[in-house]
Amino acid sequence: MHAVDFSALPSLPPVDDVYIALGTTMAAAGGQNAFRAIDYSAVLATAQVARRAGATRCGVVSAMGADPQSRIFYSRIKGEMERDLQALGFSTLVIARPSVLAGNRQPLHQTPRRGESLSLALLQWLRPLIPANYRAVAARDVAHALVHAVRHGPSGVQVLSGRALQSG
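My aim in this report is to walk through the structure given alongside it, one point at a time. In this numbering scheme, every chain counts its residues from 1 along its sequence in written order. Two thresholds apply to this predicted model, a pLDDT of at least 70 for residue-level local features and 80 or more for giving and counting side-chain atom pairs, whereas whole-chain, interface and lining totals are computed over all residues. Side-chain numbers here rest on the full set of heavy atoms in the structure, without hydrogens or water.

**A closer look at the packing of helix α2 (residues 32-52) against helix α3 (residues 73-86)**
Every axis in this analysis is a line fitted to C-alpha atoms, fitted for helices over the stretch in contact. Angles between the N-to-C directions lie between 0 and 180 degrees. Put simply, DSSP marks the helices as runs of H or I at least four residues long and the strands as runs of E at least two long, and each gets a number from the N terminus on. Close contact between α2 and α3 brings their axes to 10 Å; oriented N to C, the two are set at 15°. With respect to their mutual orientation, α2 and α3 come out roughly parallel. Relative to α3, the crossing made by α2 is right-handed. Residues Gln 32, Phe 35, Arg 36, Asp 39, Tyr 40, Val 43, Leu 44 and Ala 47 of α2 pack against Phe 73, Tyr 74, Ile 77, Lys 78, Glu 80, Met 81, Asp 84 and Leu 85 of α3. Split into classes, the residues belonging to the contact of α2 with α3 amount to 10 nonpolar, one polar and five charged. Throughout, the term roughly parallel applies to angles under 35 degrees, roughly antiparallel to angles over 145, roughly perpendicular to angles from 65 to 115, and oblique to all others. Each crossing gets its hand from how the near helix is turned against the far one by less than a right angle, where anticlockwise is left-handed and clockwise is right-handed. It only takes one pair of heavy atoms within 4.5 Å for two residues to be counted as in contact. Any residue that is not Ala, Val, Leu, Ile, Met, Phe, Trp, Tyr, Cys, Pro, Asp, Glu, Lys or Arg is counted as polar, Gly included; the first ten are nonpolar and the last four charged.

**Let's talk about the environment of Ala 96**
Secondary-structure assignment places Ala 96 in strand β3 (residues 92-97). Here the alpha-carbon distance between Ala 96 and Ser 62, two residues 34 residues apart in the chain, equals 5.7 Å. Beyond its immediate chain neighbours, meaning those up to four positions away, Ala 96 contacts Val 60, Val 61, Ser 62, Ala 63, Val 142, Leu 146, Leu 160 and Leu 165.

**Quick word on the side chain of Asp 141**
Mapping Asp 141 onto the fold places it in helix α5 (residues 139-152). Each residue gets one of three labels from its accessible area relative to the maximum for its type: buried under 20%, exposed over 50%, partly exposed in between, using a 1.4 Å probe on protein chains only. Within this scheme the basic residues Lys and Arg register as positive and the acidic residues Asp and Glu register as negative, but His and the chain ends are omitted. For this document, the term salt bridge refers to a Lys or Arg side-chain nitrogen within 4 Å of an Asp or Glu carboxyl oxygen. No salt bridge is formed by the buried Asp 141, whose closest oppositely charged neighbour, Arg 140, lies at an N-O distance of 4.3 Å.

**What about α3?**
Look at α3: 20 Å from first C-alpha to last across 14 residues, which is about the 20 Å you get at 1.5 Å a residue. Along α3, the residues classified as buried are Phe 73, Ser 75, Ile 77, Lys 78, Gly 79, Glu 80, Met 81, Glu 82, Asp 84 and Leu 85. Packing partners of the buried residues in α3 comprise α1 (26-29), α2, β2 (57-61) and β3. In this analysis, the expected span of each helix is defined as 1.5 Å times one less than the number of residues it contains.

**Some thoughts on the packing of aromatic side chains**
Working definition: a ring pair exists when centres of Phe, Tyr or Trp rings (six-membered ring for Trp) sit within 6.5 Å. Plane angles under 30 degrees give stacked, over 60 give edge-to-face, the rest tilted. Tallied over the full model, the rule gives two aromatic pairs. Each ring, one from Phe 35 and one from Phe 73, has its centre 5.9 Å from the other, and the planes form 55°; the classification is tilted. With a gap of 38 residues between them, Phe 35 in helix α2 and Phe 73 in helix α3 connect regions that are remote in the sequence. The residues Phe 35 and Phe 73 share a single accessibility class, namely buried. Residues Phe 35 and Tyr 74 carry aromatic rings whose centres are separated by 5.3 Å and whose planes lie at 40° to one another, so their mutual orientation is tilted. Separated by 39 residues along the polypeptide, Phe 35 in helix α2 and Tyr 74 in helix α3 bring together distant segments of the chain. Phe 35 gets classed as buried once you look at its relative accessible area, which sits at 0%. Looking at Tyr 74, the relative accessible area reads 32%, which means it is partly exposed. Ring pairs connect the aromatic residues Phe 35, Phe 73 and Tyr 74, which therefore count as one cluster. Sitting above the plane of the Tyr 40 ring, Arg 36 keeps its charged end 4.4 Å from the centroid. Directly above the aromatic system of Phe 90 lies the positively charged group of Arg 51, at a separation of 5.3 Å from the ring centroid. Over a ring means this: the NZ of a Lys or the CZ of an Arg is within 6 Å of the ring centre and within 35 degrees of the ring normal.

Pasting the structure below:
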């Protein structure tokens, strides 16, 4: 792991694509200001540095329900982030909007979330009954779908959710 000051990112060497999967939870961040600093400011700072380095294509992980007009703080911040990324002028912007992300968080030194493993096991058992847009999705499947869409998809803004993020 590398500690990074997102308010003072260094220049990057020339790049074509940027993939951003920065995010936290309100509990891990410790409050709304800290959450916004990561899920909005750090994401935008990374994208801006990449644009200055020549990136024309961007893939970003957001969240289901992202909406800059939402009354729900989490969804509003994600929506503001998406809106402001669009204003940076990437020729291709792919936004992944997963529901619940499933994956091993231990390598990220994140504390276990109460009930998460039980919830994910229950969601897996109920999977056939849950509409595709609401199913838990493995982080690796989100990454694979995002990279594929950025590299092979059409120009413009694409939003991937539900079925588009599921493997198989």
